[in-house]
Amino acid sequence: MSIRAAGPDDVDRLLALEEDAFGREAWSHRLVREALPYALVGDGPDLGWAVLSVAGEVADLQRIAAGVRRTGTGTRLLAAALGSARDAGAERVLLEVREDNEAGRAFYAAAGFVEIDRRRGYYRDGVDALVLELVLAAG
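Residues numbered from 1 in each chain as written. Predicted model: local features only at pLDDT ≥ 70, side-chain atom pairs only at ≥ 80, totals over all residues. Heavy atoms only, no water.

The name recorded for the chain in an unreviewed UniProt entry is GNAT family N-acetyltransferase, from Nocardioides mangrovicus.

Take a look at the structure:
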């Protein structure tokens, strides 16, 4: 799998991936287009994408999704996103994950993320979001 910057030609595939991965919480066509400058795409047997924005020492992992789970696509995308954050000067990465998303929580825990806060009723269906943080090692 190769990882590259997302571009306008990826929008339709990313929209389909969004709908499949996030259902009612999927981003709209407008949001996907607006995220392209901050997005990495994993091409290969299955599509994946990660959206990361950096503001000073803090990076926000806004999205990560793989078309097929447990193939390593998400892990490779996360590693690339963390590398981009580090290269941009970020010292830590933040993200939100649904409290009831056990697979997602385990995925992030395996990468070293820890819970630092909770956003009550964050999602449309009232489920809380857990705010996770990863402190990036220097270098």
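Past the structure itself, the notes keep going.
Asker: It is not clear to me how helix 1 (residues 11–22) should be interpreted in this structure. Could you clarify?
Answerer: Because the α-helix completes a turn every 3.6 residues, residues three or four places apart line up on one side. The terminal C-alpha atoms of helix 1, which comprises 12 residues, lie 16 Å apart, in line with the 16 Å expected from a rise of 1.5 Å per residue. Of all the residues in helix 1, the buried ones are V11, L14, L15, L17 and E18. One side of helix 1 holds all its buried residues, which, seen down the axis, span an arc of 165°. Seen from the buried face of helix 1, the exposed residues on the opposite side, beyond 90 degrees, are D12, E19 and D20. (Helix = DSSP H or I, 4+ residues; strand = E, 2+ residues; numbered from the N terminus. Expected span 1.5 Å × (residues − 1). Buried < 20%, exposed > 50% of the residue type's maximum accessible area, 1.4 Å probe, protein only. Arc of directions from axis to C-beta.)

Asker: How should I be thinking about the pattern of salt bridges in this particular structure?
Answerer: Summed over the entire model, instances satisfying the criterion amount to 12 salt bridges. D10 is the partner of R13 in a salt bridge, and the nearest nitrogen-oxygen pair spans 3.2 Å. Between R118 and E115 there is a salt bridge whose closest N-O contact spans 4.0 Å. Several salt bridges share partner residues, and in doing so they unite E99, E115, R118, R120 and D128 into one network. (Salt bridge = Lys/Arg side-chain N within 4 Å of Asp/Glu carboxyl O.)

Asker: What should I look at first to understand the UniProt feature "domain: N-acetyltransferase" (unreviewed entry) in the chain in this one?
Answerer: In this structure's numbering, the residues bearing the UniProt feature "domain: N-acetyltransferase" (unreviewed entry) are residues 1–137. Overall, residues 1–137 shows 31% helix and 34% strand. The separation of its end C-alpha atoms is 26 Å. (UniProt positions renumbered as here; feature names shortened; annotations may be inferred.)

Asker: What am I meant to see in the nonpolar core here?
Answerer: Nonpolar side chains in soluble globular proteins tend to be buried together. Core analysis: the biggest nonpolar cluster contains 21 residues, and L61, V93, Y108 and F113 have the highest contact counts within it. Of all the elements in the fold, those that place two or more residues in this core are strand 3 (48–55), strand 4 (58–66), helix 3 (73–87), strand 5 (92–98) and strand 7 (129–135). Per-element accounting of this core gives the leading share, five residues, to helix 3. Among residues more than four places away in sequence, those in contact with V93 are L52, A59, L61, L82, A85, F113, L132, E133, L134 and L136. (Core = buried A, V, L, I, M, F, W, Y, C linked by side-chain atoms within 4.5 Å. Contact = heavy atoms within 4.5 Å.)

Asker: How should the environment of V54 be read in this particular structure?
Answerer: Summarising the element assignment, V54 is placed in strand 3. On a C-alpha basis, the gap between V54 and R86 in space is 9.5 Å, while along the polypeptide they are 32 residues apart. Setting aside its immediate chain neighbours within four residues, V54 contacts A59, A85, A88 and A90.

Asker: How should I be thinking about the layout of surface pockets in this particular structure?
Answerer: Unoccupied space between atoms shows up once a probe the size of one water molecule is rolled over them. Its boundaries defined by the atoms lining it, the largest pocket holds a volume of some 930 Å³. In terms of lining, the largest pocket is formed by 31 residues, of which the most central are F22, I64, N101, G104 and Y108. Looking at the lining of the largest pocket, the elements with two or more residues in it are helix 1, strand 4, helix 3, strand 5 and helix 4 (102–110). Considering every element that reaches the lining of the largest pocket, the biggest residue donor is strand 4, with seven residues. Residue classes in the lining of the largest pocket are distributed as 15 nonpolar, eight polar and eight charged. (1 Å grid on protein atoms, 1.4 Å probe; cavity = no way out; pocket = protein on both sides within 12 Å on 5 of 7 lines; lining within 4 Å. Points joined across faces, edges and corners; volume = space filled by probe spheres on them. Nonpolar A, V, L, I, M, F, W, Y, C, P; charged D, E, K, R; others polar.)

Asker: Please explain the packing of aromatic side chains as it appears in this structure.
Answerer: Given two aromatic rings, their pairing is described by the distance between the two centres and the angle made by the two planes. With the rule as written, the count across this model stands at four aromatic pairs. Aromatic pair W27 and W49: ring centres 5.9 Å apart, planes at 85°, arrangement edge-to-face. Of the two residues, W27 is situated in the loop between helix 1 and helix 2 (29–35) and W49 in strand 3; the sequence distance between them amounts to 22 residues. Like W49, W27 is buried. Between Y108 and F113 the ring centres are 5.6 Å apart and the planes differ by 75°, which places this aromatic pair in the edge-to-face class. In this structure Y108 comes out as buried when scored by relative accessible area, which is 9%. Here F113 falls in the buried class, since its relative accessible area comes to 5%. (Phe/Tyr/Trp six-rings, centres within 6.5 Å; stacked < 30°, edge-to-face > 60°.)

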